Amino acid sequence: MKSYFLTCCFGILVLINLCHGQSNDIAKHQNWTNDIDYVDYLIRTRHPNPFYRISKEHWDNELQNLKKNIAKLSEKEISIKLSSIVALLNDGHTFLDFDGNYGFDHWFPIRFYDFDDGLFITVAHPAYKQLIGKKVVSISGLPASDVLNAVSKAISGDNAFHKKNIAAAFLSNTALLEGMGIIKNNQNLILQLSDENGKRSTVEITSISSFYSTNYRNWGELFGPPLEEYHTYVTPFENGKPPLKYREFSDEAPPYYASREPYWFKNYPEYSAFVFQFNFAAEIGPEPFKDFLQRLVVAMKEAKPEKLIIDVRYCFGGDGSMMVPLVNDIITFCKTHPKTKLCILTGKQTFSAGIMLVARLKKYLNVTTVGEPMGAGYNHYGDPITYQLPNSGLKLYCSSVYWQLSHPLNDSNEISIEFPVSVNSTDFFKGDDRAFLKIVENNDLRHISDIYLEEELTIADSIYQSRYAMFGELKWWNPIDGDSDQMNKKINVTLERQKPESAVKLAKLWTQYDAKNPLAWMKLAELYQLQKKYNLALETLDKAQNLDGDRLDIKEARAALQDAPKE
């Protein structure tokens, strides 16, 4: 009898647990379904144009597949898959933020950074300081490049440069690696590393419970993951100088790590160069920005440099309204100091307000860009508004504004660089700022368009071929100005200087490097028509019409050429 009673009690407990488990499963499914539907609603109704890089059908299918698989997935796996779906929009201002839920507040206390020659460790907790400067060969037995590419798919960004830059930082996040199946739950991170001599070693990194920070994605390669005792981190420079000390200016350091405070400037008389580094557009510190600008202008006038260098390699955004007085002051200085060459240092961390500054300066001044591609195109979405999902507590950042900083037809999510300089690990850990040196040690930083404007055609061709030999293999090098209005103006000025063949060569380069732009082909056709090469003009207009057959101006130009004399 007693045995029967105990068996019945046990059966009731099992039944209760089973019902409770089913109830939890139903609640989990309903809660996540509601959150997914809420993300769908917000993206469709709040984003200015969410489906400009992905079809609605693709978006719908991804969301439906996720909802079908909720029961099979853990909370962190669902979070990551939903983040990956939002990342398909290819908008760096629109992203799902984990906000510390489901274990995303656990970190491996090292900082990864993706250099031109691979993935390396740049910052570490004191227990792992011996790892700084070593190349990461594999992560949990998987090639480091494969892991970085996989994590990039869960990261929102306008282009691959932006995505991989942020993904490298999030390789330190424990829950992200667990949710993607790169490591098992509660498992240490196993890395195979290689030193400068190629000698390999294997290490295990233990996760630390800390806190989550949305802004970690923007902190840069000299800052480790969020940690309560942040001052303990070790960096590669000045005897392991802690990250927060980089907010203080180091007079002996090269520009790229002299200081990461929001903005600073320094005169380099030995190079006849003046550097203004702009890292974050915000009123931070006791000095109002307008007072800083006054000091900046006075210092530039006193220095009278041959080269004014604006360094936005670490400018990830901020208050765009601060750009207006800054741009006005720089324009005024350059107009009153025409012999000063203006150069801008850019990098894959350059984003948002940083791109806004570059675009506005290029619109009004003859600017040469040096460095790596920026994190988005000139025309992009921004000004995100934050929404919290009601059940999971995750946050969705959603763009609310379209920023048209270039020609309306410019839909590229990348910005070409006139003088590419990739950042490799050797130069970085040695403390060599190759991009800065590229500017100060180069006597000819003119645009190719300016060279064809100012030099004889044979000399201009020779300089172009020389640069092509150096940079031609890079997809992100472009010898022409990427803005259609600027190219059109420079070609017209070249014509005014009685250099028709140089103008044609510029237009040909424009069609070569901006082949999907009908304006480039229309300009080349116009030049052929001026040379009375009517057949070539018609052939070129055909290419423009293939790109945009509905344009009336193309149809009218073709009609006019039909009546032209035959060659």
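Our structure's up above, just so we're on the same page.
Residues numbered from 1 in each chain as written. Predicted model: local features only at pLDDT ≥ 70, side-chain atom pairs only at ≥ 80, totals over all residues. Heavy atoms only, no water.

A.B. asks: What is the right way to look at the environment of F274 in this model?
C.D. replies: Along the chain, F274 falls in strand β11 (residues 273–278). With a relative accessible area of 1%, F274 lands in the buried category. The contact partners of F274, leaving out residues within four places of it in the chain, are F265, K266, N267, L296, A299, M300, A303, P305, K307, L308 and I309. (Helix = DSSP H or I, 4+ residues; strand = E, 2+ residues; numbered from the N terminus. Buried < 20%, exposed > 50% of the residue type's maximum accessible area, 1.4 Å probe, protein only. Contact = heavy atoms within 4.5 Å.)

A.B. asks: Explanation requested: unusual backbone geometry in the structure shown.
C.D. replies: Here the phi dihedral of N90 falls at roughly 55 degrees; this positive angle occurs in a residue that is not glycine. Looking at where N90 falls in the secondary structure, it is placed in the loop between α3 (75–87) and β1 (95–97). A relative accessible area of 22% means that N90 is categorised as partly exposed. In the Ramachandran plot, K532 falls in the positive-phi region, its phi being about 65 degrees despite a non-glycine side chain. Overall, the relative accessible area of 59% leaves K532 in the exposed class.

A.B. asks: Whenever I open this one, empty space enclosed by the protein confuses me. Can you help?
C.D. replies: If a probe as big as a water molecule is rolled over the atoms, it shows which places are left empty. One pass over the structure, following the stated rule, counts 3 cavities of 30 Å³ or more. Put simply, the largest cavity is a space of about 240 Å³. Of all the elements in the fold, those that place two or more residues in the lining of the largest cavity are α11 (425–430) and α12 (434–440). Split by residue class, the lining of the largest cavity holds 7 nonpolar, 6 polar and 8 charged. (1 Å grid on protein atoms, 1.4 Å probe; cavity = no way out; pocket = protein on both sides within 12 Å on 5 of 7 lines; lining within 4 Å. Points joined across faces, edges and corners; volume = space filled by probe spheres on them. Nonpolar A, V, L, I, M, F, W, Y, C, P; charged D, E, K, R; others polar.)

A.B. asks: Explain the pairing of strand β12 (residues 307–311) here, please?
C.D. replies: Consecutive residues of a regular strand have side chains that alternate between opposite faces of the sheet. In terms of burial, β12 is largely enclosed, as 5 of its 5 residues are buried. Side chains of β12 alternate between two faces, with K307, I309 and D311 and L308 and I310 buried alike. Here β11 pairs with β12 via 5 bridges, running parallel. Across the sheet, residue F276 finds its bridge partner in β12, namely I310. Remark: the β11/helix α8 (residues 289–303)/β12 crossover connection has right-handed handedness. Where β12 and strand β13 (residues 341–346) come together, 5 bridges link them in parallel fashion. In the sheet register, I309 faces β13, and the bridge partner there is C343. (Pairing = 2+ DSSP bridges. Right-handed = clockwise from strand over helix to strand, strands pointing away.)

A.B. asks: Hey, could you run me through the nonpolar core in this one?
C.D. replies: In globular proteins that are soluble, nonpolar side chains generally tend to be buried together. Counting 63 residues, the largest nonpolar core has I309 and I491 as the members making the most contacts within it. Ranked by residue count, the leading element in this core is helix α17 (residues 518–530), at 8 residues. Each residue touching I309, except ones within four places of it in the same chain, is listed here: A273, F274, V275, F276, C343, L345, F436, I439 and V440. Judged by nonpolar contacts, the second largest core, of 41 residues, contains L326, V327, L342 and I344. (Core = buried A, V, L, I, M, F, W, Y, C linked by side-chain atoms within 4.5 Å.)

A.B. asks: Could you clarify how one ought to interpret the layout of surface pockets in this entry?
C.D. replies: Here the largest pocket defines a volume of roughly 960 Å³. Listed by contribution, the elements that provide at least two residues to the lining of the largest pocket are α5 (160–170), α10 (353–364) and β15 (380–382). Looking at side-chain class alone, the lining of the largest pocket contains 19 nonpolar, 16 polar and 5 charged residues.

A.B. asks: I keep staring at the sheet that holds β1 and nothing clicks. Help me out?
C.D. replies: Where strands meet in a sheet, backbone hydrogen bonds hold them as pairs that are either parallel or antiparallel. A sheet is described by the order of its strands in space; here 3 strands give the open sequence β1-β17-β16, paired in antiparallel fashion. Sheet topology places β1 and β16 (385–388) at the edges, where each strand pairs with a single neighbour. Within the sheet, the average angular offset between the axes of one strand and its neighbour, ignoring direction, is 25 degrees. Packing against the sheet, α3 makes contact with β1 and β17 (395–398), and its axis sits at approximately 155 degrees to β1. (Axes fitted to C-alpha atoms, helices over the stretch in contact; angles between N-to-C directions.)

A.B. asks: Would you explain the packing of aromatic side chains in this entry?
C.D. replies: Aromatic ring pairs are defined here through the distance separating the ring centres and the angle between the ring planes. As enumerated under the stated definition, the model contains 46 aromatic pairs in all. Between W477 and Y513 the ring centres are 5.9 Å apart and the planes differ by 75 degrees, which places this aromatic pair in the edge-to-face class. Linking W477 in the loop between α14 (457–471) and α15 (484–496) with Y513 in helix α16 (residues 500–513), this pair joins segments that are 36 residues apart in sequence. W477 gets classed as buried once you look at its relative accessible area, which sits at 4%. The exposure class of Y513 is partly exposed, given its relative accessible area of 21%. Within the aromatic cluster, the residues linked to one another by ring pairs are Y113, F115, F120, F237, Y246, Y256, Y257, F428 and F429. Cation over ring: R217 sits above F95, and NZ or CZ is 4.0 Å from the ring centre. When the ring centre of Y246 is taken as origin, the NZ or CZ atom of K241, which lies over that ring, is 4.4 Å away. (Phe/Tyr/Trp six-rings, centres within 6.5 Å; stacked < 30°, edge-to-face > 60°. Lys NZ or Arg CZ within 6 Å of the ring centre and 35° of its normal.)

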